[in-house]
Amino acid sequence: MQLTTSIRSALIAGAAATVLFTGATGAVAAPVAPSAAATAPAPAAAHSPYGQLRPLAVLSAERLATADLVAAAKWGTGGPVDDPAREQEVLRAVAEQARQLGADPEATVRFFRDQIEANKIVQRGLHRAWEADPGRAPTERPDLGQVRKEINRINHELVQALADSPQARSAPYCAPLLTAAAVRVRHERHLDPLHTGALARSLRSVCG
């Protein structure tokens, strides 16, 4: 809980500064995808503790961006945001991948439960915004099957990033380094308050 509070406070402080200095209205907006050069750590730092933790923040934000597409695919269908069958499918898949990589399946599942909840935070937030202002609602419905293929790809990379970072994630300096990585990702992607809060939620189980 302490880590989540730390990340959330830092991210929200950054988001508040953005609002103050850009005159943003607080409207919900999809994250802006950064360039590869902006997201990739320097080669020399790739194996440093920060270099191990940064991909988790980058990929979590990338996964959150798919929530906008999922929300649009479900919008107007009358279907719920929650999809227990799909969630269990994801958790079984990542646990098996973790075992194949020699990573901790339980820690991996715990991390992905947070990813799923963060994704639903964005979906619900967007649906509330669209209900309040129908003019902002999507006019096209993405193919949910194609979106899930992209989510599966990101999930695979996230499990690999978890498997590659056990020492950094268990170290006492994990929380401040992860917070720094998350703040940088928020800045690079120009995340709005909705996605900023969801990013903090998605990273809750990384350290420790």
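Data block above holds the structure.
1. So, the packing of aromatic side chains
A full pass over the atoms with the stated rule returns two aromatic pairs. Judged by centre distance (5.3 Å) and plane angle (90 degrees), the rings of Phe111 and Phe112 are edge-to-face. For Phe112, a relative accessible area of 0% puts it in the buried group.

2. What about unusual backbone geometry?
For His190, which is not glycine, the phi torsion reads 55 degrees and is therefore positive. Among the secondary structure elements, His190 is positioned in the loop between helix H8 (174-189) and helix H9 (193-202). Assessed through its relative accessible area of 54%, His190 is described here as exposed.

3. Focus: the packing of helix H3 (residues 49-74) against H9
When two helices pack together, you describe them by how their axes are tilted relative to each other and by the distance separating the axes. Close contact between H3 and H9 brings their axes to 10 Å; oriented N to C, the two are set at 125 degrees. Relative to H9, H3 is oriented oblique. Crossing hand, H3 versus H9: right-handed. Residues Ala57, Ser60, Ala61, Leu64 and Asp68 of H3 form the contact with H9, whose own contacting residues are His195, Ala198, Leu199 and Ser202. Classifying every residue of the contact of H3 with H9 by side-chain character gives five nonpolar, three polar and one charged.

4. A short note on H8
Along an α-helix, residues three or four positions apart point the same way, because every turn accommodates 3.6 residues. Taking 1.5 Å of rise per residue, 16 residues should cover 22 Å, and H8 covers 22 Å from first to last C-alpha, within 8% of that figure. Turning to H8, its buried residues number three or more, namely Cys174, Leu178, Thr179, Ala181, Ala182, Val185, Arg186, Glu188 and Arg189. His190 occupies a position one or two residues after H8 and carries a positive phi of about 55 degrees.

What counts as what
- Residues numbered from 1 in each chain as written.
- Predicted model: local features only at pLDDT ≥ 70, side-chain atom pairs only at ≥ 80, totals over all residues.
- Heavy atoms only, no water.
- Phe/Tyr/Trp six-rings, centres within 6.5 Å; stacked < 30°, edge-to-face > 60°.
- Buried < 20%, exposed > 50% of the residue type's maximum accessible area, 1.4 Å probe, protein only.
- Helix = DSSP H or I, 4+ residues; strand = E, 2+ residues; numbered from the N terminus.
- Axes fitted to C-alpha atoms, helices over the stretch in contact; angles between N-to-C directions.
- Parallel < 35°, antiparallel > 145°, perpendicular 65-115°, else oblique.
- Left-handed = near helix turned anticlockwise from the far one by under 90°.
- Contact = heavy atoms within 4.5 Å.
- Nonpolar A, V, L, I, M, F, W, Y, C, P; charged D, E, K, R; others polar.
- Expected span 1.5 Å × (residues − 1).

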